[in-house]
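# Notes for the structure review
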Amino acid sequence: MKIAYLCILIALFLPYVWVMIAKASGQRYDNRDPRGWLSKQTDAKAHRANAAQLNAFEALPGFIAGVLMAQLAQVDPMHITLASVAFIVFRVLHGVFYISNKHQLRSLMWLGGFVCVVFLVVRAITMIM
């Protein structure tokens, strides 16, 4: 379970990686008005990196819930670990493809991450039935 918990920690930090890229991609970042600053940016990479950040935050609750549900339901720890590592790989690639504007690959990586979460939740449900 240590690796799965480490994956949760990595997933918590991923949005901040993407937002750092967004801030570095624009012109003269203004921390006093970050949302206003972003709305004035013309660099598409800054907007895509911000979108990757928002999507990474959106993916967090399901992943955390899936890992904890699977653990509480006593799903095989190896299954939890593999799904957790796969989720992180998919989410890192999702952000990379989002920022590099490879929309089809980005969507495929999103789907892969989503399948990992669904797997964890379904395994938890089937273990307690």
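Residues numbered from 1 in each chain as written. Predicted model: local features only at pLDDT ≥ 70, side-chain atom pairs only at ≥ 80, totals over all residues. Heavy atoms only, no water.

## Quick notes on the environment of Lys23
To keep things clear, this is the line we draw: For helices the rule is a DSSP run of H or I covering at least 4 residues; for strands it is a run of E covering at least 2, with both sets numbered from the N terminus onward. Relative accessibility thresholds used throughout: buried, under 20% of the residue-type maximum; exposed, over 50%; partly exposed, between the two (1.4 Å probe, protein chains only). Contact criterion: two residues are considered in contact whenever any of their non-hydrogen atoms come within 4.5 Å of each other.
When you line up the elements, Lys23 lands in helix α1 (residues 2–25). A residue is classified by how much of its surface remains accessible, and Lys23, at 31% relative accessible area, is partly exposed. When residues no more than four places from it in sequence are discounted, the contact partners of Lys23 are Tyr29 and Trp37.

## Thoughts on the confidence of the model for the protein
Stated formally: Note: pLDDT gives the predictor's confidence per residue, expressed from 0 to 100.
Here the protein shows a mean pLDDT of 95. Residues at 70 or above account for 100%. Across the protein, element-level confidence peaks in helix α4 (residues 77–99) with a mean pLDDT of 98 and bottoms out in helix α2 (residues 34–39) with 86.

## A few points about the nonpolar core
Where we set the bar: Within this scheme, the nonpolar core is defined by two criteria: the residues are buried Ala, Val, Leu, Ile, Met, Phe, Trp, Tyr or Cys, and they are joined through side-chain atoms within 4.5 Å.
If you look at the biggest cluster of nonpolar residues, it comprises 19 residues, and the most contacted ones within it are Ala11, Phe63, Val67, Ile80, Phe87 and Leu120. Counting only elements with at least two residues in this core, the list comes to α1, α3 (44–72), α4 and α5 (103–128). Among the elements that make up this core, the one with the highest residue count is α3 (5 residues). Setting aside residues no more than four positions away along its own chain, Leu120 makes contact with Phe63, Gly66, Val67, Ala70, Ile80 and Ala83. Counting residues in hydrophobic clusters, the runner-up holds 8 residues, among them Leu14, Trp18, Tyr98 and Ile99.

## With respect to the packing of aromatic side chains
Selection criterion: Centre distance within 6.5 Å is the pairing criterion for rings of Phe, Tyr and Trp, where only the six-membered ring of Trp is used; planes under 30 degrees apart are then read as stacked, over 60 as edge-to-face, and the remainder as tilted.
Within the structure shown, the criterion is met by 3 aromatic pairs. With centroids separated by 5.5 Å and ring planes inclined at 85°, the aromatic side chains of Tyr16 and Phe57 adopt a geometry described as edge-to-face. Here Tyr16, found in helix α1, pairs with Phe57, found in helix α3; they are 41 residues apart in sequence, far enough to count as distant. With a relative accessible area of 42%, Tyr16 lands in the partly exposed category. The class for Phe57 is partly exposed, based on a relative accessible area of 30%. Both rings, one in Phe63 and one in Phe87, keep their centres 4.0 Å apart while their planes meet at 5°; by these two values the pair is stacked. Linking Phe63 in helix α3 with Phe87 in helix α4, this pair joins segments that are 24 residues apart in sequence. Of the residues examined, Phe63 reaches a relative accessible area of 0% and is grouped as buried.

## Structural notes on the packing of α1 against α4
Quick note on the threshold: In this description, a line fitted to the C-alpha atoms serves as the axis of each element, helices being fitted only across the stretch in contact, and the angle between N-to-C directions of two axes falls anywhere from 0 to 180 degrees. These descriptions rest on fixed angle ranges, namely under 35 degrees for roughly parallel, over 145 for roughly antiparallel, 65 to 115 for roughly perpendicular, and the rest for oblique. For this scheme, ten residues count as nonpolar: Ala, Val, Leu, Ile, Met, Phe, Trp, Tyr, Cys and Pro. Four count as charged, namely Asp, Glu, Lys and Arg, and the remainder, Gly too, count as polar.
It is at 9 Å that the axes of α1 and α4 come closest, and there the two elements cross at 5°. In terms of orientation, α1 and α4 fall into the roughly parallel class. Only Ile80, Thr81, Ser84, Val85, Phe87, Ile88, Arg91, Val92, Gly95, Val96 and Ile99 of α4 make contact with α1, whose side of the interface consists of Ile3, Ala4, Cys7, Ile10, Ala11, Leu14, Trp18 and Ile21. Partitioning the contact of α1 with α4 into residue classes produces 15 nonpolar, 3 polar and 1 charged.

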